[in-house]
Amino acid sequence: MSAFTDALGTGITHFTRAVTGAQARWIGCAPAAIQRIYFGNHASHADFALIWASLPYDLRVRTRPVAGADYWEKGRVRRYLIHEVLRGVLVDRADHARTRDPIEAIVEALELGDSLIVFPEGTRNMTDEILLPFKSGIYRVACRRPDVQLVPVWMENQGRVLPKGEFIPVPLLCSVNFGAPLQLQPGEQKEAFLGRARQALLDLAAAIRPR
């Protein structure tokens, strides 16, 4: 990474924190130089930037977001940000557009030693449901790399920071909450794992919301 892109990444971090007012809350674990997959709820295109900006610098530079190519390949600015600054792992979400299995791209990034940010819902949650059902991708990745910790991250209010169709964030107080890591258990089947991972996010949301 060049000095310019590093400075731009720092600027994005400061801007994101200033706009959202978010402070990282490490509830179930501490920030550590351990390879992890941070998986969060998804309501905005700004979600991965919010998690990314909440990490300490030494973790942030080794953490890459997994994002949809259909959004981030549109326009020179988006392409530069995702490829040069954020070092994103882009995947084709539409079956007809795929030239490669997205899981292979994700596992390849893990093999390089990087941590990742993923959203198991697969798309932004635009419904009244608190959390959509999880897609199978996170299970397939866990099967390939069961040694990597999976850390649930619940973000509150982030859906209104970058509303659908907008590119400029709206100032709003958000929170980014990191829960206890989990890993695929020996012999654990897909539905059981997906249910356990999804419940970890729901439990984290319940823990940080006022009763």
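Quick look at the structure, then. (Residues numbered from 1 in each chain as written. Predicted model: local features only at pLDDT ≥ 70, side-chain atom pairs only at ≥ 80, totals over all residues. Heavy atoms only, no water.)

This paragraph deals with helix α5 (residues 76–85). For α5, the full list of buried residues reads R78, L81, I82 and V85. End-on, the buried residues of α5 take up no more than an arc of 120°, which puts them together on one face. On its buried face, α5 sits against α1 (3–20), α2 (47–54), β3 (63–68), α4 (69–72) and β4 (89–91). (Buried < 20%, exposed > 50% of the residue type's maximum accessible area, 1.4 Å probe, protein only. Helix = DSSP H or I, 4+ residues; strand = E, 2+ residues; numbered from the N terminus. Arc of directions from axis to C-beta. Contact = heavy atoms within 4.5 Å.)

Another aspect to go through is the packing of aromatic side chains. Scanning the model with the defined rule gives six aromatic pairs in all. When the ring of Y38 is compared with that of F178, the centres are 5.8 Å apart and the planes differ by 85°; the resulting orientation is edge-to-face. You can see Y38 sitting in strand β2 (residues 36–40) and its partner F178 sitting in strand β7 (residues 175–178), a full 140 residues away along the chain. Its relative accessible area of 0% is what places F178 among the buried residues. Residues Y139 and F193 carry aromatic rings whose centres are separated by 5.9 Å and whose planes lie at 50° to one another, so their mutual orientation is tilted. Residue Y139 is found in helix α7 (residues 137–144), and its partner F193 is found in helix α8 (residues 190–208); the two are separated by 54 residues along the sequence. (Phe/Tyr/Trp six-rings, centres within 6.5 Å; stacked < 30°, edge-to-face > 60°.)

Once that is clear, we can look at the side chain of N41. Assignment of secondary structure puts N41 in the loop between β2 and α2. The buried category is assigned to N41, whose relative accessible area is 5%. Side-chain polar atoms of N41 contact the backbone nitrogen of M155, separated by 2.8 Å. (Polar contact = N/O pair within 3.5 Å; in protein donor to acceptor, adjacent residues only side chain to side chain.)

Quick look at α7 now. Buried residues of α7: I138, Y139, V141 and A142, and no others. Considered in projection along α7, the buried side chains sweep an arc of 160° and stay on one side of the axis.

Our next topic: the side chain of T5. Looking at the secondary structure, you find T5 in helix α1. Accessibility expressed as a relative area gives 5% for T5, which makes it buried. The residues touching T5, leaving out its near neighbours within four places in the chain, are Y80, E84 and V85.

Moving on, we come to the layout of surface pockets. Considering only enclosed or pocket space, the largest pocket measures out at about 640 Å³ in volume. Taken together, 28 residues form the lining of the largest pocket, with V66, V91, R93, F119 and G122 sitting closest to its centre. Looking at the lining of the largest pocket, the elements with two or more residues in it are β3, α4, α6 (102–111) and α7. Within the lining of the largest pocket, the residues separate by chemical class into 15 nonpolar, seven polar and six charged. (1 Å grid on protein atoms, 1.4 Å probe; cavity = no way out; pocket = protein on both sides within 12 Å on 5 of 7 lines; lining within 4 Å. Points joined across faces, edges and corners; volume = space filled by probe spheres on them. Nonpolar A, V, L, I, M, F, W, Y, C, P; charged D, E, K, R; others polar.)

Now for the pairing of β3. Taking burial as the measure, the six residues of β3 include six buried ones, the bulk of the element. Looking at chain direction, β3 and β4 are connected through three bridges and run parallel. When the bridges of β4 are listed, A67 appears paired with L90. (Pairing = 2+ DSSP bridges.)

Here the focus is the sheet that holds β4. Strands sit in the order β1-β7-β6-β2-β5-β3-β4 across an open sheet of seven strands; the sheet is mixed. Each end of this open sheet is capped by a strand with a single partner; those strands are β1 (24–26) and β4. Strand-to-strand twist in this sheet, taken as the mean axis angle between neighbours without regard to direction, amounts to 25°. Sheet topology note: the β1/β7 ladder contains three bridges and is parallel. If you follow A24 over to β7, its bridge partner there is V176. (Axes fitted to C-alpha atoms, helices over the stretch in contact; angles between N-to-C directions.)

Further remarks concern the pattern of salt bridges. As enumerated under the stated definition, the model contains eight salt bridges in all. In this structure, R140 engages D101 in a salt bridge whose closest nitrogen and oxygen atoms are separated by 2.7 Å. In this pair, R140 is assigned in helix α7 and D101 in the loop between β4 and α6, connecting sequence segments 39 residues apart. Residue R140 is classed as partly exposed on the basis of its relative accessible area, which comes to 37%. The salt bridge involving E111 is made with R145; its shortest N-O contact spans 3.5 Å. With E111 in helix α6 and R145 in the loop between α7 and β6 (149–156), the pair connects residues that are 34 residues apart, well separated along the chain. Using a relative accessible area of 13% as the deciding quantity, one classes R145 as buried. (Salt bridge = Lys/Arg side-chain N within 4 Å of Asp/Glu carboxyl O.)

Just geometry here; none of it tells us what the structure is for.
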